[in-house]
Each structure stands twice: as C-alpha cells, then as structure tokens.
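# Coordinate analysis (summary)
Here's the letter readout for the chains.
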Amino acid sequence: MRLLWLGLFTVSLLLAACGYTSRSQLRQNVNTIYVPIFDNLTYRRGLEFDLTNVLKNEILFRTRLKIVDKDHADSILYGSITDVKKLILLDAPKASLSEAAMVIIIDFSWVDLRTGRTIVDKKNITQQAEFSGKWKEDEGTAEREAFVDLAEKVINLLEERW
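Anyway, here's the lowdown on the structure attached to this text. (Residues numbered from 1 in each chain as written. Predicted model: local features only at pLDDT ≥ 70, side-chain atom pairs only at ≥ 80, totals over all residues. Heavy atoms only, no water.)

## Topic: the overall build of the protein chain
Check the secondary structure of the protein chain and you find three helices and six strands. Overall, the protein chain shows an N-to-C arrangement of helices and strands of α-β-β-α-β-β-β-β-α. Burial analysis of the protein chain (162 residues in total) assigns 37% to the buried set. Contacts spanning at least 24 positions in sequence make up 68% of the contacts within the protein chain whose residues lie at least 6 apart. Accessible surface computed for the protein chain: about 10,200 Å², of which carbon and sulfur atoms make up 55%. (Helix = DSSP H or I, 4+ residues; strand = E, 2+ residues; numbered from the N terminus. Buried < 20%, exposed > 50% of the residue type's maximum accessible area, 1.4 Å probe, protein only. Contact = heavy atoms within 4.5 Å. Areas by Shrake-Rupley, 256 points an atom, 1.4 Å probe, with all protein chains shown as cover.)

## A few points about a negative patch on the surface
Together, Glu99, Glu130, Glu137, Asp138 and Glu145 make up a region of like negative charge exposed at the surface. Looking at the element boundaries, Asp138 is found in the loop between strand E6 (118-132) and helix H3 (139-158). (Patch = residues over 30% accessible without salt bridge, like charges linked within 9 Å, V, L, I, M, F, W, Y side chains within 5 Å. Salt bridge = Lys/Arg side-chain N within 4 Å of Asp/Glu carboxyl O. Lys, Arg positive; Asp, Glu negative; His and termini not counted. Charge placed at Lys NZ, Arg CZ, Asp CG, Glu CD.)

## Things to note about unusual backbone geometry
The phi angle at Asn124 is positive, at roughly 55°, despite the residue not being glycine. Following the sequence through the fold, Asn124 ends up in strand E6.

## As for the pattern of salt bridges
Tallied over the entire structure, the rule returns seven salt bridges. Put simply, Glu139 and Arg44 hold a salt bridge, and the shortest N to O gap is 2.8 Å. Placement of the pair is Glu139 in helix H3 and Arg44 in the loop between strand E2 (39-40) and helix H2 (47-62), with a sequence separation of 95 residues. Take Glu139: its relative accessible area is 23%, and that puts it in the partly exposed class. Residues Asp121 and Lys123 are paired through a salt bridge, measuring 3.6 Å at the closest nitrogen-oxygen approach. Here the residues in one salt-bridge network are Arg44, Lys86, Glu139 and Glu143, joined through shared partners.

## Regarding H2
The end-to-end C-alpha distance of H2, which contains 16 residues, comes to 22 Å, matching closely the 22 Å that a straight helix rising 1.5 Å per residue would cover. Turning to H2, its buried residues are Leu47, Glu48, Leu51, Thr52, Leu55, Glu58 and Ile59. Down the axis of H2, the sector holding all buried residues measures 125°, keeping them to one side. Along H2, the residues that are exposed and aim more than 90 degrees away from the buried face are Asn57, Leu60 and Phe61. (Expected span 1.5 Å × (residues − 1). Arc of directions from axis to C-beta.)

## Details of H3
Note that an α-helix has 3.6 residues per turn; residues three or four places apart therefore point the same way. The terminal C-alpha atoms of H3 lie 28 Å apart, and with 20 residues this matches the ideal 28 Å at 1.5 Å per residue to within 8%. Within the span of H3, buried status applies to Gly140, Ala142, Glu143, Ala146, Phe147, Leu150, Ala151, Val154, Ile155 and Leu158.

## Points about the nonpolar core
In this structure, Ile59, Leu77, Ile104, Ile106, Phe108 and Trp110 are the most contacted members of the largest nonpolar core, which totals 31 residues. Excluding its chain neighbours within four sequence positions, the residues that come into contact with Ile106 are Phe38, Leu51, Ser80, Ile81, Thr82, Lys123, Asn124, Ile125, Leu150 and Val154. (Core = buried A, V, L, I, M, F, W, Y, C linked by side-chain atoms within 4.5 Å.)

## Description of the environment of Ser98
Structurally, Ser98 is set in strand E5 (residues 97-112). The partly exposed category is assigned to Ser98, whose relative accessible area is 34%.

## Describing the side chain of Thr32
As for its placement among the helices and strands, Thr32 is situated in strand E1 (residues 32-34). With relative accessibility at 11%, the residue Thr32 sits in the buried group. A polar contact of 3.4 Å, which involves the side chain of Thr32, links it to the backbone oxygen of His72. A polar contact is formed between the side chain of Thr32 and the backbone nitrogen of Asp74, at a distance of 2.7 Å. (Polar contact = N/O pair within 3.5 Å; in protein donor to acceptor, adjacent residues only side chain to side chain.)

Laid out in structure tokens, this is it:
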C-alpha cells in the first residue's frame with residue numbers, strides 16, 4: 001500500500017513539474033465573450049454565418065466561456081474570412097474520379113472590452129479539407145469540415161501561451 005501511495009505521489013509531482021493541468025488555459029479573468037458574425041471578404045456568400053455558428057458551438061463545447069450579447073461581454077472575438085480557394089487534386093473524367101480541396105483562410109482578434117487591449121491577434125489561419133466525387137462529397141462537405149477544424153484552431157490559439 002505504501003508503494004502505491006509513493007507511486008501516485010511521484011506521478012503527481014512529475015505532472016506538476018512539467019506544467020500539466022486539467023483546467024482551461026484560457027485567461028482566468030475573462031468569463032464571457034461576444035462573437036459577432038465574421039466578415040466575409042470573399043466572393044462566396046453565406047460562409048460567414050456557417051463559420052460563426054461552428055465557432056460559437058466550439059466555444060461552448062471546449063471552453064468555460066459564456067457567449068453573451070455585446071453589452072454584457074468581457075471580451076469580443078472579431079474575425080474575417082479573407083480567402084476561399086478550390087484546388088483540384090485529381091481530375092479523371094473518364095474514370096469518374098475527381099478529388100478537390102477547399103482552402104479557407106481567416107484572420108481574428110480577441111479583444112478585452114474592459115481595457116480595449118488585444119488579447120490575441122492572428123492572421124492567415126489556414127485550413128484545407130478535401131472532398132471526393134467518388135464518395136458523393138462536395139464543396140459544402142469540405143467547407144463544413146474546414147470550419148470545424150478552423151474553430152478548433154481558434155480555440156487553441158485563444159489559450160494562454162506557456
């Protein structure tokens with residue numbers, strides 16, 4: 001029994017020494033966030049609504065932040081979709097094969113509304129998602145996948161640096 005306790009104590013010391021924590025790495029003094037619809041600087045309309053909704057869901061699922069209206073928020077997350085590209089990866093019409101990718105690029109800023117200070121400011125966050133006609137996927141499928149991956153990247157970038 002003594003050996004078990006010694007082992008648990010050693011493991012907990014090692015985890016503490018390497019900086020591991022199970023708590024959120026978001027700033028502790030920011031509890032609420034307002035997320036307006038992202039700007040869309042591309043020719044593809046409507047993407048800004050889908051990305052914003054996915055991002056809000058990811059914030060609710062992966063962080064302790066509460067999404068509130070602007071008047072009650074500690075912080076605000078501004079963003080823009082700056083580019084959307086479709087890349088042809090494989091085009092073989094005779095074989096009925098086609099594969100392509102959607103590349104979506106965003107910029108965002110997280111600002112503390114109480115101080116006006118920018119907490120995080122990132123440019124050219126890029127995500128690519130492939131789709132295949134063989135699997136009955138289309139641009140919309142790839143866009144949704146890219147939005148989820150972008151939202152995860154944004155959440156990771158909101159966390160405090162070590």
